[in-house]
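Observations on chain architecture
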Amino acid sequence: MVERRTAVLERRAQSLSSIIYGGLYPRRVYNRRPGDDQKFIVDWHDAGLFMVAMSIILMSMMDALFTLNLLSLGAEEINYFMKVLIESDVSLFLLVKLSTTAAGVILLVAFARFRLAGILPVRRVLQTLCGAYACLIIWELYLLVAVAADAFA
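Here's what I pulled together on the structure shown here. This structure is a prediction, so every number in the text was calculated from the model and none was measured.

Some words on the overall build of the chain
Of regular secondary structure, the chain possesses 5 helices and 2 strands. Each helix (α) and strand (β) of the chain, taken in turn from the N terminus, gives the series α-α-α-α-β-β-α. Here the chain holds 153 residues, and the buried ones make up 25% of them. In the chain, the proportion of contacts linking residues at least 24 apart, taken out of those at least 6 apart, comes to 60%. As displayed, the chain has an accessible area near 11,400 Å², and 67% of this comes from carbon and sulfur atoms.

Quick notes on the side chain of Lys97
Along the chain, Lys97 falls in helix α4 (residues 90–110). Reaching out from Lys97, the side chain makes a polar contact with the side chain of Asp63 at a distance of 2.8 Å. Apart from the residues lying within four places of it in its own chain, the contact partners of Lys97 are Ser60, Asp63, Ala64, Met82 and Tyr133.

Quick look at the side chain of Glu77
By the element assignment, Glu77 lies in the loop between α2 (47–72) and α3 (80–88). Although buried, Glu77 forms no salt bridge, and the nearest oppositely charged side chain, Lys97, lies 8.1 Å from it. Discounting chain neighbours no more than four positions away, the residues touching Glu77 are Thr67, Leu71, Met82, Lys83 and Ile86.

Digging into α4
Think of an α-helix as turning once every 3.6 residues; residues three or four places apart then point the same way. With 21 residues, α4 extends 30 Å from end C-alpha to end C-alpha; this agrees with the ideal 30 Å at 1.5 Å per step. If you check the start of α4, you find a side-chain oxygen 3.4 Å away from the backbone N of Ser91, and it comes from Asp89.

As for the packing of α2 against helix α5 (residues 122–152)
One can describe the packing of α2 onto α5 by two numbers: an axis separation of 9 Å at closest approach and a directional angle of 30°. When the axes of α2 and α5 are compared, the pair comes out roughly parallel. Here α2 and α5 pass one another in a crossing that is left-handed. Residue composition of the contact of α2 with α5, by class: 17 nonpolar, 6 polar and 3 charged.

Scoring rules and cut-offs
Residues numbered from 1 in each chain as written. Predicted model: local features only at pLDDT ≥ 70, side-chain atom pairs only at ≥ 80, totals over all residues. Heavy atoms only, no water. Helix = DSSP H or I, 4+ residues; strand = E, 2+ residues; numbered from the N terminus. Buried < 20%, exposed > 50% of the residue type's maximum accessible area, 1.4 Å probe, protein only. Contact = heavy atoms within 4.5 Å. Areas by Shrake-Rupley, 256 points an atom, 1.4 Å probe, with all protein chains shown as cover. Polar contact = N/O pair within 3.5 Å; in protein donor to acceptor, adjacent residues only side chain to side chain. Lys, Arg positive; Asp, Glu negative; His and termini not counted. Salt bridge = Lys/Arg side-chain N within 4 Å of Asp/Glu carboxyl O. Expected span 1.5 Å × (residues − 1). Axes fitted to C-alpha atoms, helices over the stretch in contact; angles between N-to-C directions. Parallel < 35°, antiparallel > 145°, perpendicular 65-115°, else oblique. Left-handed = near helix turned anticlockwise from the far one by under 90°. Nonpolar A, V, L, I, M, F, W, Y, C, P; charged D, E, K, R; others polar.

Quick look at the structure:
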């Protein structure tokens, strides 16, 4: 007599543990079939996506450093939440800023092959965020130079 299983688990179903395991031991570089592009998270991404993700995280660190320098020179933080964090504890501000940025980038990289609302590739969202951070860094550098010029004038 052959025993038949009644509760069959879908072996292709993704869970948090499968995403973590795939991050530690990457195997899937490409989807197996062209129709799977919008259905699966891959384990391994190309170098360009890695560079965009690392650029966002590095520029977030630079933004935190420049923000603290500008505040010490008399600037005012506009973001209420960050202002409360800075006033309560600078270390907490740095921890929250960098951890939320890193978590967001990791999540967006995991879904880089998906489309936002079925239209916009998530990869383009990451690239746009990278460009926005670059503009923010340029603006903060301009402010630091302008404040330094006023201080020496």
